[in-house]
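Architecture and fold: a report
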Amino acid sequence: MTLKQIQEDILKLKKQNDVILLAHYYQPIEIQEVADHLGDSLGLSRLAKEANTEYIIFAGVDFMAETASILNQDKRVLLPSSEACCPMAAFLDENMVKEFRLDNPGLPVVTYVNSTAAVKAESDICCTSSNAVQIVEKISKEFNTNAVLFGPDANLGDYAEEKSHIKCIKCPPQGHCYVHTLLTVEDVKKIRQEHSNAKFLVHPECEREVRHLADFVGSTAQMYNKVKKSPSEETQFIIGTELGLLERMAQDFPNKKFYLAKDKMICYNMKKNTIELTKYVLEHLDDPTFEVKVPSEIAKRALNPIEKMLRFSKI
Ligand code: SF4
């Protein structure tokens, strides 16, 4: 069966069933091409909340499907590959959050959505890479503090601290994304020399020294919009995030040229979802193997910090 046939089958199956297919920008491009909606964690969380279908297929990693389940306890949330997990989320567990809170009484806990449902349940508010700065500013104001506890990504915490001037105490200090921390200052200097007219866009999960070399720092959706709104004379971009976003932009903006900041910037966890698996899930919507269901007791407690984030980032 060719790729085109599989994609056509997926489009047909979606029409025949009460289902929505959400895909993250880091998904394989052939899945992005058949998704109902594409986005970053924040955009997809909003879409998951508004979904009015019986089934939500979440082409992303486990914490994204868990967030969709927390927001939609009455719906069936399906993840094509049970192996699609985020290693960053594994840096932090709920007991670490409890201990961290005891050691730092009175400080609010901000957790990146790239965390488990149990960690979210112990948090005051969640954030994404789109709104981390805004969330840190608002929650510290609400708690009347000049510091917050931030986990699990120490680089995003560092970025939020730099921009907000509110201390972000990292939990754990070594939490990181293996894809974004691959990119070094030397890599950036080299690729900028090779493409001296290109703008360099980078994700806040990259290290501080790398971020400081960028023309723009933002989440995947923010990078996408930056390119979309760029003047016609800006035609070249170096992309400092996962390959999938570059592939999306190359299709959507054929008059612009894109270079991946480092060719190894591929999230193998995101790529565990394949087009074949996506089709299989659509053919077996009631197969419990694919369902991600957060237990209701955890979901109830994890809902507040997610909803609070959605409220705060609307303002
Ligand atoms: S790109 Fe990094 S943060 Fe995103 S899912 Fe992969 S490992 Fe996790």
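This text goes with the structure placed above it.
Right, let's get into the sheet that holds strand β5 (residues 109-112). Sheet architecture is open: four strands sit in the order β6-β5-β7-β8, paired in parallel fashion. With partners counted over all chains shown, the strands left at the sheet margins are β6 (125-127) and β8 (167-170), one partner each. Between one strand and the next, the sheet's axes are offset by a mean angle of 35 degrees, whatever the strand orientation. Relative to β6, β5 is paired through three bridges, and the arrangement is parallel. Each residue of the ladder has a partner; that of Val 110, found in β6, is Ile 125. Strands β5, β6, β7 (147-151) and β8 of the sheet are contacted by helix α7 (residues 132-143), whose axis makes an angle of about 160 degrees with β6. The sheet strands contacting helix α8 (residues 154-164) are β5, β6, β7 and β8, and the helix crosses β8 at an angle near 170 degrees.

Between helix α1 (residues 3-16) and helix α13 (residues 275-283), the least distance of the axes is 10 Å, while the angle of their chain directions is 30 degrees. Taken as axis vectors, α1 and α13 run roughly parallel relative to one another. Where α1 crosses over α13, the two elements pack in a sense that is left-handed. For the pair α1 and α13, contact is made by Leu 3, Ile 6, Gln 7, Asp 9, Ile 10, Leu 13 and Lys 14 and by Ile 275, Glu 276, Thr 278, Lys 279, Leu 282 and Glu 283, respectively. The residue inventory of the contact of α1 with α13, partitioned by class, reads six nonpolar, two polar and five charged.

Before going further, it helps to examine the site of the ligand. Taken together, Tyr 26, Val 61, Cys 86, Pro 87, Met 88, Asn 114, Cys 177, Tyr 178, Val 179, Glu 205, Cys 267 and Met 270 are the residues near the ligand. With respect to the pocket detection grid, the ligand is positioned in the largest cavity. When grouped by side-chain class, the residues that make up the shell around the ligand number ten nonpolar, one polar and one charged.

This part is about the pairing of strand β9 (residues 199-202). Bridge count between β9 and strand β11 (residues 236-240): four bridges; the pairing is parallel. Among the inter-strand pairings, Lys 199 is bridged to a residue of β11, identified as Phe 237. In the sheet, β9 pairs with strand β10 (residues 216-217) via two bridges, with the strands oriented parallel. Of the residues in β10, the one forming a bridge with Leu 201 is Phe 216.

Criteria and cut-off values
- Residues numbered from 1 in each chain as written.
- Predicted model: local features only at pLDDT ≥ 70, side-chain atom pairs only at ≥ 80, totals over all residues.
- Heavy atoms only, no water.
- Pairing = 2+ DSSP bridges.
- Helix = DSSP H or I, 4+ residues; strand = E, 2+ residues; numbered from the N terminus.
- Axes fitted to C-alpha atoms, helices over the stretch in contact; angles between N-to-C directions.
- Contact = heavy atoms within 4.5 Å.
- Parallel < 35°, antiparallel > 145°, perpendicular 65-115°, else oblique.
- Left-handed = near helix turned anticlockwise from the far one by under 90°.
- Nonpolar A, V, L, I, M, F, W, Y, C, P; charged D, E, K, R; others polar.
- Near = heavy atom within 4 Å.
- 1 Å grid on protein atoms, 1.4 Å probe; cavity = no way out; pocket = protein on both sides within 12 Å on 5 of 7 lines; lining within 4 Å.
- Sits in = over half its atoms within 2 Å of the grid points.

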